[in-house]
Amino acid sequence: MTVLDWLLDSDPAIRWQALRDLAGAPADAVAAERARVATEGWGARLLALRGGDGQWAGGAYFPAHGGDPDVGLSGGADAPYSQTEPAGDDASDNGSQPWTATTYSLLQLRDFGIDPLGDQMRRTVTLVRENCRWEEGGQPFFSGEVEPCINGMAVGLGAYFGQDVDAVVARLVSEQLDDGGWNCWAEHGAVVSSAATTINVLEGLLAHEQATGGSPESIEARRRGGEYLLERQLFRRKSTGDVIDPAWLEFSYPTRWHYDVLRALEYFRTAGDPPDPRIAEAIALVRSKQQPDGTWLLENTHPGRIHFELEGGDGRPSRWNTLRALRVLRWYEAGQGVR
């Protein structure tokens, strides 16, 4: 069995993307396979877990009533409010959290490629718009909240599901730091950007730009944010050239709010620009991780409560990482004139 055959022998969420990105299948065949996401496999299973009010686990970012009894906000009850990473571009994992509420469920459905115009998703998004409120301040879901990392997710979801998130985009543009990136702890005095916050914002701005055309300000902000990562070759300190965080060299899926090199490369591929020479070392890292059988492994799964497993666990072949790595390499090689 070839690697492509292995990817096609999978869930519709994987199959339709492999058909489109790797097999060069006709558009009607891709569309037919994509339509199955809502009715079969992971997509249908996740949709079935939605509550009657349109939410998953009764909450926007966290399950209702605090979710897991042994999981709290980062840093403990007395820490400044933050649902994501600590300050600085050398941040390390700050512990687990539940991944079962509405934000991460919608992000997963988006990754699956569920049709945003299908009846189920239209009803779901309407209910989310009417009922879902952020835990931080009770704001409507598609109005965003205070953290740029989370607002980047909200913008990406709003763009995908056809919601007006222009005001959130404008807020993100206004919060860009002097070094070109973003940091969820800026309101607490952080002046150095975080790669994790930045990648979430960049993905959201890109989705908004591709859906609406964006604004001159948001396009410029996104390009400056991309430069923040490229100046660091996606994983090295600008000042010393040292690896910022070894965890960034391990490829996870789902990525949640976390940053890693493969996620950054997927962002630049999706942006559609020719590959920048500064990603060459990151591409070499991706190539070095390919196994003798042609697959890539799942690495560094981010702990926390989930709805259900998608793959076999760390250290085992990963269809998601293999799909993502192969299409990144195709994009890079096409840009280098490699056939």
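Residue numbering note: each chain is counted from 1, following its sequence as written. Totals for whole chains, interfaces and linings use all residues, but because this is a predicted model, local features are given only for residues with pLDDT of at least 70 and pairs of side-chain atoms are given and counted only at 80 or more. Here the side-chain values reflect all heavy atoms present in the structure, with hydrogen atoms and water set aside.

1. Considerations on the overall build of the chain
Formally: Think of it this way: any DSSP run of H or I at least four residues long counts as a helix, any run of E at least two long counts as a strand, and we number them from the N terminus. Put simply, the radius of gyration uses C-alpha atoms, and a globule should come to 2.2 Å times the residue count raised to 0.38. Residue contacts follow a heavy-atom distance rule, with two residues in contact if any of their heavy atoms lie within 4.5 Å.
Along the backbone of the chain there are 13 helices and two strands. For a compact globule of 339 residues, the expected C-alpha radius of gyration is about 20 Å, and the chain comes in at 19 Å, within 12% of that figure. Sequence separation of 24 or more characterises 68% of the internal contacts of the chain that already satisfy a separation of 6 or more.

2. Quick look at the environment of Glu217
Secondary-structure assignment places Glu217 in helix H10 (residues 216–230). Considering only alpha carbons, one finds Glu217 and Ser174, 43 residues apart in sequence, at a separation of 9.3 Å.

3. Some details on the packing of helix H9 (residues 195–212) against helix H11 (residues 261–271)
Which entries qualify depends on this criterion: Axis definition: a line fit to C-alpha positions, over the contact stretch in the case of helices; interaxial angles, taken between N-to-C directions, run 0 to 180 degrees. For classification purposes, an angle smaller than 35 degrees is called roughly parallel, one larger than 145 roughly antiparallel, one from 65 to 115 roughly perpendicular, and anything else oblique. By the definition used in this description, the sense in which the near helix is turned from the far one sets the handedness, with an anticlockwise turn below a right angle giving left-handed and a clockwise turn giving right-handed. Charged residues are taken to be Asp, Glu, Lys and Arg, nonpolar residues to be Ala, Val, Leu, Ile, Met, Phe, Trp, Tyr, Cys and Pro, and polar residues to be all remaining types, Gly included.
Look at H9 against H11: their axes get within 11 Å of each other, and the N-to-C directions meet at 15°. Accordingly, the angle class assigned to the pair H9 and H11 is roughly parallel. In this structure, H9 crosses over H11, and the sense of that crossing is left-handed. Contact with H9, carried on its side by Ile199, Asn200, Leu202, Glu203, Leu206 and Gln210, involves Arg263, Ala264, Tyr267, Thr270 and Ala271 of H11 and no other residues of that element. When grouped by side-chain class, the residues that make up the contact of H9 with H11 number six nonpolar, three polar and two charged.

4. Overview of the packing of H10 against H11
As a packed pair, H10 and H11 sit with axes 12 Å apart at the nearest point and diverge in direction by 140°. By the angle class used here, H10 and H11 are oblique. The way H10 lies across H11 gives a crossing that is left-handed. Judged by residue contacts, Arg222, Gly226, Leu229 and Leu230 of H10 engage Tyr267, Phe268 and Ala271 from H11. Taken together, the residues that form the contact of H10 with H11 break down as five nonpolar, one polar and one charged.

5. Concerning the pattern of salt bridges
Stated formally: Criterion for a salt bridge: a side-chain nitrogen of Lys or Arg within 4 Å of a carboxyl oxygen of Asp or Glu. Buried, partly exposed and exposed residues are distinguished by accessible area as a fraction of the type maximum, computed with a 1.4 Å probe on protein chains only: under 20%, between the cut-offs, and over 50%, respectively.
Using the criterion set out here, one finds 19 salt bridges in the structure. Its salt-bridge partner being Arg36, residue Glu33 comes within 3.0 Å of it at the nearest N-O pair. You can call Arg36 partly exposed: its relative accessible area is 30%.

6. Some thoughts on the state of the cysteines
Stated precisely, the cut-off is as follows: Any two cysteine sulfur atoms within 2.5 Å of one another count as a disulfide.
All told, the structure shown has zero disulfides when counted by the stated rule. Here Cys149 is not disulfide-linked; the sulfur of Cys184 is the nearest cysteine sulfur, at 4.3 Å.

7. Examining the environment of Glu147
In this fold, Glu147 is placed in the loop between helix H6 (119–131) and helix H7 (148–160). Judged by relative accessible area, Glu147 falls into the buried class, the value being 0%. Sequence separation between Glu147 and Asp293 is 146 residues; the distance between their C-alpha atoms is 42 Å.

8. Let's talk about the layout of surface pockets
Stated formally: Site definitions follow a grid-based scheme: protein atoms alone, a 1 Å grid, a 1.4 Å probe that fits but cannot get out for cavities, and for pockets an open set with protein on both sides within 12 Å along at least five of seven lines, plus lining residues having an atom within 4 Å of a point. Grid points are joined across faces, edges and corners, and a volume is the space filled by probe spheres set on the points.
Estimates place the volume of the largest pocket at around 960 Å³. Surrounding the largest pocket, 32 residues form its lining, Arg110, Asp111, Glu266, Thr270 and Arg327 being those nearest its centre. Elements with a contribution of two residues or more to the lining of the largest pocket: helix H2 (12–21), helix H5 (102–112), H7, H9, H11 and helix H13 (319–335). The residue makeup of the lining of the largest pocket, split by class, is eleven nonpolar, ten polar and eleven charged. In this structure, the second largest pocket encloses a volume near 340 Å³. Around the second largest pocket, the lining comprises 22 residues; the ones closest to its centre are Pro254, Arg256, Ile306, Phe308 and Leu310. In terms of residue count, H5 provides more of the lining of the second largest pocket than any other element does, four residues in total. Within the lining of the second largest pocket, the residues separate by chemical class into eleven nonpolar, seven polar and four charged.

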